[in-house]
Amino acid sequence: MADYQLRGVHGQTVAALAGRILSGDLPEGATLDLMALREELDVSLTALREALKVLSAKGLVDARQKRGTFVRPKAFWNMFDVDVMRWRSAGPPDMDLLENLTEVRSVIEPAAARMAAERATDEDLADMTAALERMADASDDAVEADLEFHRALFGATHNQLLMEMQRVLANGLAMRDKVVHGAEADDPVPSHRKVLEAVRDQDAVGAERAMRDLLDKANEDFARIAASSGGRARKPRRAG
């Protein structure tokens, strides 16, 4: 999965078009005026068409004879594409994305914790421990430390597909963490420490349970913060 972030004029054109589509500035079903877009973005028609090829591969746009190039319905967007997830996460908090992320995490992460408890190496445990220490350090970047912990946990599964899944979800998780860590929320270190301890003890059942508890608490924090800020959030569901 290619990452088009900050990759010359081509990457900037791709990102600019994606941003307009994901924000709704170019709504679903809209036919694109390529000549107008070329002028607005100050790029050649060839460069614009190359950028649209990238977005087509990600399900955002399509082209038909007589109709031209148009924005596809959201149902066709490749939400598991790293770039699409990052572009969605770059703007203001997307409540629909965060709610979907919550449900996906409740399915995947407890199983990943169980697998990590069965497979983690000393190096994996060291990575998780270092991330937890960063989380406990008030002077450190709490969002990045949290991402590092979950990245290390998924790495400890030694399952390539799960590791790739974590890479996709990381951008959405970063968006969620910015909302939570930017508000008054409970200390996340104790719940993460319980996961680490269970993984270190090779307690697969305990690791799965600890991760479910962690997610339940995280979901409750997010729902409370979203409600207090006027946001919309579903009633938190128990991960178990």
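Here the structure is a predicted model, which is why all the values come from computation and not from measurement.

**Q** Looking at this structure, how should I read the environment of R64?
**A** Among the secondary structure elements, R64 is positioned in strand 1 (residues 61-64). Note on R64: relative accessible area 48%, which makes it partly exposed. At 2.8 Å, the side chain of R64 and the side chain of D62 are in polar contact.

**Q** It is not clear to me how the packing of aromatic side chains should be interpreted in this structure. Could you clarify?
**A** Two measures describe an aromatic ring pair: the distance that separates the ring centres and the angle between the ring planes. All chains considered together, the criterion is met by zero aromatic pairs. Here the guanidinium or amino end of R67 rests over the ring plane of F70, the centre of that ring lying 3.7 Å away.

**Q** Is there a simple way to explain helix 5 (residues 95-119) in this structure?
**A** One turn of the α-helix equals 3.6 residues, which is why residues spaced by three or four share an orientation. With 25 residues, helix 5 extends 34 Å from end C-alpha to end C-alpha; this agrees with the ideal 36 Å at 1.5 Å per step. The largest bend in helix 5 comes to about 35°, at R105.

**Q** Explain the pairing of strand 2 (residues 68-71) to me, please; I cannot follow it from the model alone.
**A** Two faces, one strand: in a regular strand the side chains alternate between the faces of the sheet. Pairing between strand 1 and strand 2: four bridges, direction antiparallel. Across the sheet, residue V61 finds its bridge partner in strand 2, namely V71. As consecutive antiparallel partners, strand 1 and strand 2 are separated by three residues, and within that stretch K66 has a phi angle of approximately 75°, a positive value.

**Q** Looking at this model, I keep getting lost on the environment of V71. Mind explaining?
**A** Following the sequence through the fold, V71 ends up in strand 2. Residue classification places V71 among the buried positions, given a relative accessible area of 1%. For V71 and E28, which are 43 residues apart along the polypeptide, the C-alpha to C-alpha distance reads 5.0 Å. The contacts of V71, once residues within four sequence positions are left out, are I21, L26, P27, E28, G29, A30, L32, L60, V61 and W77.

**Q** Honestly, the packing of helix 6 (residues 122-136) against helix 9 (residues 189-200) in this entry has me stumped. Any pointers?
**A** Two measures define how a pair of helices packs: the angle their axes make with one another and the distance between the axes. Viewed as axis vectors pointing N to C, helix 6 and helix 9 meet at an angle of 165°, and their least axial separation amounts to 10 Å. Taken together, helix 6 and helix 9 sit at an angle that is classed as roughly antiparallel. Taken as a pair, helix 6 and helix 9 cross one another with a handedness that is left-handed. Facing helix 6, whose interface residues are L125, M128, T129, L132, M135 and A136, helix 9 presents V189, H192, R193, L196, V199 and R200. Split by residue class, the contact of helix 6 with helix 9 holds eight nonpolar, two polar and two charged.

Rules used in this analysis
- Residues numbered from 1 in each chain as written.
- Predicted model: local features only at pLDDT ≥ 70, side-chain atom pairs only at ≥ 80, totals over all residues.
- Heavy atoms only, no water.
- Helix = DSSP H or I, 4+ residues; strand = E, 2+ residues; numbered from the N terminus.
- Buried < 20%, exposed > 50% of the residue type's maximum accessible area, 1.4 Å probe, protein only.
- Polar contact = N/O pair within 3.5 Å; in protein donor to acceptor, adjacent residues only side chain to side chain.
- Phe/Tyr/Trp six-rings, centres within 6.5 Å; stacked < 30°, edge-to-face > 60°.
- Lys NZ or Arg CZ within 6 Å of the ring centre and 35° of its normal.
- Expected span 1.5 Å × (residues − 1).
- Bend = angle between axes of the 7 residues up to and from the residue.
- Pairing = 2+ DSSP bridges.
- Contact = heavy atoms within 4.5 Å.
- Axes fitted to C-alpha atoms, helices over the stretch in contact; angles between N-to-C directions.
- Parallel < 35°, antiparallel > 145°, perpendicular 65-115°, else oblique.
- Left-handed = near helix turned anticlockwise from the far one by under 90°.
- Nonpolar A, V, L, I, M, F, W, Y, C, P; charged D, E, K, R; others polar.

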